[in-house]
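# Structural overview
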Amino acid sequence: MAKPLTDQDKRKQISVRGLAGVENVADLKSNFNRHLHFTLAKDRNVATKRDYYFALANTVRDYLVGRWIRTQQHYYEKDPKRVYYLSLEFYIGRTLQNTMVNLALENACDEATYQLGLDMEELQDIEEDAGLGNGGLGRLAACFLDSMASLGLAAYGYGIRYEFGIFNQKIVGGWQVEEADDWLRYGNPWEKARPEYMRPVHFYGKVEYADDGVKWVDTQVVLALPYDTPVPGYRNNVVNTMRLWSAKAPCDFNLKDFNVGGYIQAVLDRNLAENISRVLYPNDNFFEGKELRLKQEYFVVAATLQDIIRRFKASKFGSTDFVRLDLAMIPDKVAIQLNDTHPALAIPELMRILVDIEKLTWEKAWDIVVRTCAYTNHTVLPEALERWPVDLFQKLLPRHLDIIYEINRRHLERITERYPGDFDRLRRMSLIEEGGGKKINMAHLCIVGSHAVNGVARIHSEIIKNTVFKDFYDVDPQKFQNKTNGITPRRWLVMCNPGLAEVIADRISEEYIRDLDQLKLLLNFVDDDAFIRDVAKVKQENKMKFAAYLEEYYKVKINPNSLFDVHVKRIHEYKRQLLNCLHIITLFNRMKKEPNKSWTPRTILIGGKAAPGYHTAKMIIKLITSIGDVVNNDPVVGDRLKVIFLENYRVTLAEKVIPASDLSEQISTAGTEASGTGNMKFMLNGALTIGTMDGANVEMAEEAGAENLFIFGMTVEDVEALDKKGYDAVSYYQRLPELRKAVDQISGGFFSADQPDLFKDLVNMLMCHDRFKVFADYEDYIVCQEKVSALYKNPKAWTKKVIANIAGCGKFSSDRTISQYATEIWGMEPSLEKIPAPDDPR
């Protein structure tokens, strides 16, 4: 049974959390009381926990604003090149603790709240997650913002302020049920509306060609209202901006064509325009071609580009006079990074601005666009690639369709010159796909309109060049690069695992937080008994804490001495949660068969959301919960095997479970997971990885030594060979008795006694049309899991591998990733220098 932490345990001063100076604490207390009284108009006698959270958030925010203003002044005076990171998703999570970490205020705030009779952890728990993303892609954007600020880059994140983020997941009777995520219900203390920078965005209408150029007329206008959130760098006094756009109807919306008696309806219809920023589409790695989604994609792009051009023209701080008129300089002052194809419309939109409004020639405009834009590809799964119907474009964005046709005409002309008569190549490379209704291939548009195209792990970048985009690589090899993903060590170590951060700092100083490569110095301690003990102790404490959390919130008791085997990520066939299920059933069957053997006890934790329309993924969740119902109530296995489905997996839950994990499951079919970033978070937090040679796992094995990971299964080459030969699932089913038994139990109702054929579709998929070849890796996975169990019985040997893994994490800092984007794509120089704090003389 996990012991609850005492007040003293919680409050032990941790050096990586900054110094709690006396003046600091006194200032914080007086500012806290001031906000409680004046900002929130509350007396201590009637204030609620939420009031205290808002008072603390506003107090911490005060330390940001001076730095924020000064950073922006600094940029206007120095006029550096600026990078604009365009993304439809920013999966931020909570902001309070991250801000305290980056401003070195954590100990001081802890002491101040303690002296005020409050518990800071309790207050932190009141903050809602900003869940404006689905998974890896959105969380990557958030890590990148942290690194860009920490490296002193003049960077801006641009996206949409969704009123409703990723749904909250409830598990009811073992099934996923979605609930709207009303995250703004109580207000958001971290954002500042900027109505003075509101911008019009146009939709529909028609195109008119005249002697003085092209006009897009009779459009419907929606206003884009920006909300700014400060993004602090790590202890360098830099505070950048994330600007999220919210949709507003104009005052005259639907009132221009005055209908008698239609006034009330016209005002009610404002909702239609404002629906653009209402809700995040909850699909991960899947394209859903809905009109509202295309509106969202154009909305963020059109508003952002107006902002970029305005800022480019006005170079001095606070000036609204346009002083820079030579648009040919845009590529020297502006870099635009497209996070996947979702903001691809930036390419035709920038062309529209330069040609139609600024009256540049096509050639001059195109040169500017290509030198400014760069594209990051995040997936090779065909169902995830965006292909928009031409008819929808014609209706919604007629001018952009014209521009895309002209881009395509010139692009195909160039290909024809190089490959005369190769009509199949023209068909493959066209931006317009024919057959079954014309569609625009957004990835092709991005490649043609960008000077750099990158994948997100070495193996993924090679796959792109050799398969999906091979034709484009043949023509423009210089465009293609790799930028292996990374994670911010601030949130994903210092903030979520202060105990481990401290044990590391005790040995190699705090410098590694800024320069994660220094973790390799830990190799000097891989045989140091005291260090091995410290690392194991921190892990055990984290496991106790997480066990207590599970007991409180999920009412389940788990054995903190068991191996915590964790598989958390979006539910998707390619991520192969079903392979994990087959291992659980096999382990269960073996325990039942030999109950007196000394089994390594395991707690298997699986979590993640399924897209609401993804039937198979929802069935996978039901299977996991059904297996848990059987396994967890079997008296023979007892507490040697438990299966828990972690409800509502999100950033904040990841911050709790990852530091407590022993084993990280990264088991996608080789060639399907572009990179993965959860894999890096587990590695940095002292879990060992069981995984395939896919995504960044390949580079993790290279950095830490393959002998320090549990690598199993087919390689990309093996998968290709099996595809050539033809994957026959039934042959594995017939050859492997334990697999056959597990599959028969699923299909025969062993885990669904009341509905024996509940999982027949799932089994039919596995047997007849499994694109991800679960059975082909089953045997090797089971053997590999036996090695895991054996090693876990030897805690010292296990922990030595953990240390080797942590020491190999340096490459996987998003600071390294962003430094490479800056120098190799954006033409910018990262810097670790501090800028003066607001109270320093300038």
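Before reading on, note that the structure itself is shown above.
Figured I'd write up the structure that's included with this text. Because the structure is predicted, anything quoted here is derived from the model rather than measured. (Residues numbered from 1 in each chain as written. Predicted model: local features only at pLDDT ≥ 70, side-chain atom pairs only at ≥ 80, totals over all residues. Heavy atoms only, no water.)

All right, on to the sheet that holds strand β21 (residues 602–607) then. Strand order in this open sheet of 6 strands is β22-β21-β20-β23-β24-β25, and the pairing throughout is parallel. Every interior strand has two partners, whereas the edge strands, β22 (641–646) and β25 (710–711), have only one. The pairing of strand β20 (residues 563–568) with strand β23 (residues 663–666) spans 2 bridges and is classified as parallel. Paired with Val-566 across the strands is Ser-664, a residue of β23. The strands that helix α23 (residues 577–593) touches are β20, β21, β22 and β23; relative to β21, the one it contacts most, it runs at about 155°. Against the sheet, helix α24 (residues 615–631) makes contact with β21 and β22, and its axis sits at roughly 145° relative to β22, the strand it touches most. (Pairing = 2+ DSSP bridges. Helix = DSSP H or I, 4+ residues; strand = E, 2+ residues; numbered from the N terminus. Contact = heavy atoms within 4.5 Å. Axes fitted to C-alpha atoms, helices over the stretch in contact; angles between N-to-C directions.)

In this section: the pattern of salt bridges. Counting across every chain of the model gives 66 salt bridges. A salt bridge links Glu-178 to Lys-618, with the shortest nitrogen-to-oxygen separation between them at 2.7 Å. Residue Glu-178 is found in strand β6 (residues 175–179), and its partner Lys-618 is found in helix α24; the two are separated by 440 residues along the sequence. On the accessibility criterion, Glu-178 (30% relative accessible area) is partly exposed. (Salt bridge = Lys/Arg side-chain N within 4 Å of Asp/Glu carboxyl O. Buried < 20%, exposed > 50% of the residue type's maximum accessible area, 1.4 Å probe, protein only.)

The next thing to look at is the pairing of strand β9 (residues 206–210). Looking along a regular strand, one sees the side chains alternate between the two faces of the sheet. Note that β9 and strand β10 (residues 213–217) share 5 bridges and pair antiparallel. Pairing of Val-207 across the sheet is with Trp-216, part of β10. Between β9 and β10, which pair antiparallel in sequence order, lie 2 residues.

In terms of nonpolar packing, the biggest core is built from 252 residues, with Phe-775 and Trp-826 touching the most fellow members. Of all the elements, helix α10 (residues 291–313) adds the most residues to this core, at 11 residues. Beyond its immediate sequence surroundings of up to four residues, Phe-775 is in contact with Leu-582, Tyr-727, Ala-729, Tyr-732, Tyr-733, Leu-739, Val-743, Leu-766, Met-767 and Asp-770. Leu-103, Leu-105, Cys-109 and Leu-118 belong to the second largest nonpolar core, which has 29 residues in total. (Core = buried A, V, L, I, M, F, W, Y, C linked by side-chain atoms within 4.5 Å.)

Taken together, the 3 strands give an open sheet; going across it, the order is β15-β17-β16, and neighbouring strands pair in antiparallel fashion. Two strands bound the open sheet, and with one partner strand each, they are β15 (387–389) and β16 (432–433). Here β16 pairs with strand β17 (residues 439–441) via 2 bridges, running antiparallel. The residue bridging Ile-432 from the neighbouring strand is Ile-440, located in β17.

On the secondary structure map, Asp-43 appears in the loop between α2 (22–39) and α3 (49–78). The class for Asp-43 is partly exposed, based on a relative accessible area of 40%.

Our next topic: the environment of Ser-813. Mapped onto the secondary structure, Ser-813 falls in the loop between α33 (795–807) and α34 (814–826). By relative accessible area, Ser-813 is classed as buried at 2%. Taking the C-alpha atoms as reference, Ser-813 lies 5.0 Å from Ile-487; in sequence the two are 326 residues apart. Setting aside residues up to four positions removed in sequence, Ser-813 forms contacts with Gly-486, Ile-487, Pro-489 and Leu-516.

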